[in-house]
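# Architecture and fold: a report
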Amino acid sequence: MGNPLLDISAVVDKDFLENSVSEENMFLKPYVLNHKIVKKFKVEYHAGGATQNSIKIAQWMIQDPHKVCTFFGCIGEDTFGEILKQKAEEAHVDAYYYEQTEEPTGTCAACITGDNRSLVANLAAANCYKKDKHLDLKENWKLVEKAKVYYIAGFFLTVSLESILKVAKHASENNKLFTLNLSAPFISQFFKDALMEVMPYVDVLFGNETEAATFSKEQGFQTEDIEEIAKKAEALPKINKKRPRIVVFTQGKDGTIMTKGDKVETFPVLKIDQKDIVDTNGAGDAFVGGFLSELVQDKELEQCVKAGHYAANIIIRRAGCTFPEKPDFH
């Protein structure tokens, strides 16, 4: 469950970028900008947003059967919403969107000039998800009950804490896996109370080194050592005692840290030549997608990390969160 965004990417000219994506325009008119791009340039559409990206990657890694992953989020009743539905379908993700008319479908435009990408996100409808209008509906809640692993990016804490808590409690009471991502430093800073309300239900916590450092600072852990932070995060109160919490912190090109009982292990990432790196934006989402694809098949945690590293390694070689037809992962 998360913020669905329609990714719109286009190679644009410098003038367009300077005029439209200048500092003063950047946050004022993303909606207008995204429509301008579509009119003026050849665009590519993808189903996006952090959670949906991870879910897409998990489905891609699994390949068959299709629709292993169900996704909830809010969109508008508009053209971009229709395209988003089609793109989710093409990615074999079972998307059950809450459709409303107050706000347009959220978008994220990637304006590409040479090696640079400027991202302009407009959450719009993604901010409008309502527990009582969607999650609580009998036919939707049935889908929640059917699932055995849940993944929500921390970004959704800004949208519907009550929806997250309902799912988290269900997972905890039924000994299913609830997984959460720290997502961005501002979540640990400005949505600390919401984050800590959910934390007792978290079985697997994801994050990167920057997010871990901010989390540590906000929690008063008094350490900048990432292994120590992972241990302390693991030791935070947890409601379902049948499963120890697992904390997984990625660190870009440096090894990924994972807690296991009282140990912290480091797993080196796959080597990649600097010149082969096209775009690191989707790396974190891809890692989680790879990890979840094995986790849902009850594979060993080491194998989950390996799959995460593989997926991230593939994604950073391409522009945007896109992937080849089939994975080559064993």
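Residues numbered from 1 in each chain as written. Predicted model: local features only at pLDDT ≥ 70, side-chain atom pairs only at ≥ 80, totals over all residues. Heavy atoms only, no water.

- As named in an unreviewed UniProt entry, the protein chain is Adenosine kinase, taken from Hucho hucho.
- What UniProt states about the protein chain under its Pathway (unreviewed entry) heading is, verbatim, "Purine metabolism; AMP biosynthesis via salvage pathway; AMP from adenosine: step 1/1." (UniProt positions renumbered as here; feature names shortened; annotations may be inferred.)

## Quick look at the layout of surface pockets
- The computed volume of the second largest pocket comes to approximately 610 Å³.
- Taken together, 25 residues line the second largest pocket, and the ones lying closest to its centre are Val 68, Cys 69, Thr 70, Ala 147 and Val 149.
- Sorting the residues of the lining of the second largest pocket by element identifies helix H4 (50–62), strand S3 (70–76), strand S4 (94–100), helix H7 (138–146), strand S7 (149–153) and helix H13 (283–295) as the ones contributing at least two each.
- No other element matches the four residues that S7 contributes to the lining of the second largest pocket.
- Looking at the lining of the second largest pocket, its residues break down into 19 nonpolar, two polar and four charged. (1 Å grid on protein atoms, 1.4 Å probe; cavity = no way out; pocket = protein on both sides within 12 Å on 5 of 7 lines; lining within 4 Å. Points joined across faces, edges and corners; volume = space filled by probe spheres on them. Helix = DSSP H or I, 4+ residues; strand = E, 2+ residues; numbered from the N terminus. Nonpolar A, V, L, I, M, F, W, Y, C, P; charged D, E, K, R; others polar.)

## Observations regarding the pairing of S4
- In terms of strand pairing, S3 meets S4 through seven bridges, oriented parallel. Opposite Gly 73, over in S4, you have Tyr 97 as the bridge partner.
- Once the chain exits S3 it traverses helix H5 (residues 79–90) before rejoining the sheet at S4, and the crossover so formed is right-handed. (Pairing = 2+ DSSP bridges. Right-handed = clockwise from strand over helix to strand, strands pointing away.)

## Focus: the sheet that holds strand S1 (residues 5–11)
- Strand order in this open sheet of four strands is S2-S1-S5-S6, and the pairing throughout is mixed. Edge positions in the sheet fall to strand S2 (43–48) and strand S6 (116–122), since each of these pairs with one other strand and no more. Sheet twist, expressed as the mean angle between neighbouring strand axes with direction ignored, is 20°.
- Sheet strands in contact with H4 are S1 and S2, and its direction is about 90° off that of S2.
- Packed onto the sheet, H5 meets S1, S2 and strand S5 (107–113) and runs at close to 70° relative to S2. (Axes fitted to C-alpha atoms, helices over the stretch in contact; angles between N-to-C directions. Contact = heavy atoms within 4.5 Å.)

## Here's the deal with the packing of aromatic side chains
- Under the definition given, this model contains 15 aromatic pairs.
- Relative to Tyr 310, the ring of Trp 60 lies with its centre 6.4 Å away and its plane at 10°, an arrangement referred to as stacked. Linking Trp 60 in helix H4 with Tyr 310 in helix H14 (residues 301–315), this pair joins segments that are 250 residues apart in sequence.
- Judged by its relative accessible area of 11%, Tyr 310 is buried.
- Members of the aromatic cluster, joined through ring pairs, are Tyr 151, Phe 206, Phe 287 and Phe 291.
- A cation over an aromatic ring shows up here: Lys 166 above the ring of Trp 141, its NZ or CZ 4.3 Å from the ring centre. (Phe/Tyr/Trp six-rings, centres within 6.5 Å; stacked < 30°, edge-to-face > 60°. Buried < 20%, exposed > 50% of the residue type's maximum accessible area, 1.4 Å probe, protein only. Lys NZ or Arg CZ within 6 Å of the ring centre and 35° of its normal.)

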